[in-house]
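Coordinates in review
Each chain, letter by letter, is given below.
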Amino acid sequence: MKRTKLLVNCGIGNTCHYCLKTWPSCQQFARSPISTLRKENGGPASENKRGLKAIDLVQRERESSGKPNSRKTPKLKETLSDVSPLQRRVTQLKQLTQQLQSVHPNVLAKVLHKSIVFQNQDVIAINKPYGVPVHDTTGATTSIKSVLPVLAKMLHGMRTETRLHICHSLDKDTTGTLLLAQTEEAADHIHTLFKGLQVERKYWAVAVGVPVPSEGIVDIPVIEREVTGAQPHFKMGLSPLFQTSGDGEGVTRVRANRHAHSAVTQYRVLDSTHTCSLVELQPVTAVKHQLRVHMALAMGCVVLGDHKYAHWNKLAPQQLPEGVLRHLGLEQSKARHLPLHLHHHKLTIPGFKGHRDLTVSCRLPRFFTSSVQRLQLSLPEKP
């Protein structure tokens, strides 16, 4: 900006720094924005009445020079697009996920500290937030494991020697109960319980479709397979031990794949409509993506927001029925923003060191309860 911008505060009393003349006879002042504003607003009295400030002069100078104003507030139409409340919530959730993955470890540790639902001398249970990986993964700068030393100092002081240990894992996009051990002895004991399948775990999921029958057991091995095509990738898939016979009236046993993992899931429909259902899932075994694979490929009811297993031969957003889209207030092009509706609701471990069995449950995330309400599903009453 030219020298005229300095006239806002460039004199002593009524004298100009440049020509040492009084303001009425100063040539610089005659061409300055102050002079122009005085003429337009009715002279000095008007200027004093309106309380002219330096920012007003800078604004006038920018407008007269044709330069864009970086402090100009954008219009409401430019900042708030015409979207449904759910779309805004999903967008906010996506932004929150990105923030949690890229924030300083201290910030994520504070989030985890606030999400603690149970604590004793042996274990800590937290309500894992959506979109944060438990272990270090490619593409994520911050994981729960990486901030455990910071969380330990928040709990026990800066000089603590306590180390927190992860007792089990959850998928990046799965929310809910995550157990941490405060001692190596407790960690080893809980790991042994998980390997022995002695820990009872219950998940809640919103499914697109209704499983038939409404309660049962899925016992189909799971194997990792490569999907070829335009986007080659790996997925967990079914490796059944039985196949339908040629006449369709029976089943025959086939040879088991030596790379397949035994996978057993108990399920129970808690509530349903004609398009969606709220399902309780209890994995008997512990196989990667077991619940999602059994829901999508065995029962034909994909978990809402599971874009990985919505299609077997490609990676694409989940295709939702018109009725589901209408209740959620979404268009199909926006369905890609839907988060995975899979929540680790409750965990029970047998007694340790003379204690009784420990049962920990975590409340549902806000986006989950919102979708349940929109889909007109009912959550079970609290005992």
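Here is a short report on the structure shown in this document.

Describing the overall build of the chain
Of the regular secondary structure elements, the chain holds twelve helices and 16 strands. Counting all 383 residues of the chain, 43% fall into the buried class. Surface accessibility of the chain: about 22,400 Å² in total, with carbon and sulfur atoms responsible for 50%.

Focus on the environment of His156
Considering the arrangement of structural elements, one finds His156 in helix 8 (residues 148-156). A distance of 2.6 Å separates the side chain of His156 from the side chain of Gln182, its partner in a polar contact.

A closer look at the nonpolar core
Among the nonpolar cores identified, the biggest contains 33 residues, and Leu164, Leu281 and Met295 are the most heavily contacted of them. Elements supplying a minimum of two residues to this core: helix 7 (105-114), strand 4 (123-128), helix 8, strand 6 (175-181), strand 7 (200-208), strand 14 (276-283) and helix 10 (290-298). At four residues, the largest contribution of residues to this core is made by helix 8. Sequence-distant contacts of Leu281, defined by excluding residues within four places in its chain, comprise Arg201, Lys202, Tyr203, Ala205, Thr265, Gln266, Tyr267, Leu291, Met295 and Leu342.

Focus: helix 7
Regarding helix 7, the residues found buried are Leu108, Ala109 and Leu112. Seen end-on, helix 7 carries its buried residues on one side only, within an arc spanning 105°. The outward face of helix 7, more than 90 degrees from its buried face, is lined by the exposed residues Lys110 and Lys114.

With respect to the pairing of strand 9 (residues 222-227)
Looking at chain direction, strand 9 and strand 10 (residues 233-238) are connected through six bridges and run antiparallel. Bridging from a neighbouring strand, Glu226 pairs with Phe234 of strand 10. Turn length for the strand 9-strand 10 hairpin, with the two strands adjacent in sequence and antiparallel, is five residues, and the turn residue Gly229 shows positive phi of about 140°.

Quick look at the pairing of strand 15 (residues 342-349)
Most of strand 15 is tucked away: seven of the eight residues are buried. Taken together, the two bridges between strand 6 and strand 15 define a ladder with parallel strand orientation. Bridging across to strand 15, Thr175 finds its partner in His343. The sheet contact formed by strand 7 and strand 15 spans six bridges and is antiparallel. If you follow Ala205 over to strand 15, its bridge partner there is Leu342. Pairing of strand 15 with strand 16 (residues 358-361) involves four bridges; the strand directions are antiparallel. Looking across to strand 16, one finds that Leu347 is bridged to Val360.

Brief notes about the environment of His233
Within the secondary structure, His233 is located in strand 10. Between the C-alpha atom of His233 and that of Lys314, which follows or precedes it by 81 residues, the distance is 8.5 Å. Every residue in contact with His233, bar those within four places of it in the chain, is listed here: Arg225, Glu226, Val227, Trp312, Lys314 and Leu315. Polar contacts involving the side chain of His233 include one to the main-chain carbonyl oxygen of Gln231, which spans 2.6 Å.

Comments concerning the pattern of salt bridges
Within this structure, the stated rule accounts for three salt bridges. Across the pair Asp306 and Arg292 runs a salt bridge, and its minimum N-O distance is 2.8 Å. With Asp306 in the loop between helix 10 and helix 11 (322-328) and Arg292 in helix 10, the pair connects residues that are 14 residues apart, well separated along the chain. Neither Asp306 nor Arg292 differs from the other in exposure class; each is buried. What emerges from the salt-bridge pattern is a single network uniting Asp171, Arg292 and Asp306.

Rules used throughout
- Residues numbered from 1 in each chain as written.
- Predicted model: local features only at pLDDT ≥ 70, side-chain atom pairs only at ≥ 80, totals over all residues.
- Heavy atoms only, no water.
- Helix = DSSP H or I, 4+ residues; strand = E, 2+ residues; numbered from the N terminus.
- Buried < 20%, exposed > 50% of the residue type's maximum accessible area, 1.4 Å probe, protein only.
- Areas by Shrake-Rupley, 256 points an atom, 1.4 Å probe, with all protein chains shown as cover.
- Polar contact = N/O pair within 3.5 Å; in protein donor to acceptor, adjacent residues only side chain to side chain.
- Core = buried A, V, L, I, M, F, W, Y, C linked by side-chain atoms within 4.5 Å.
- Contact = heavy atoms within 4.5 Å.
- Arc of directions from axis to C-beta.
- Pairing = 2+ DSSP bridges.
- Salt bridge = Lys/Arg side-chain N within 4 Å of Asp/Glu carboxyl O.

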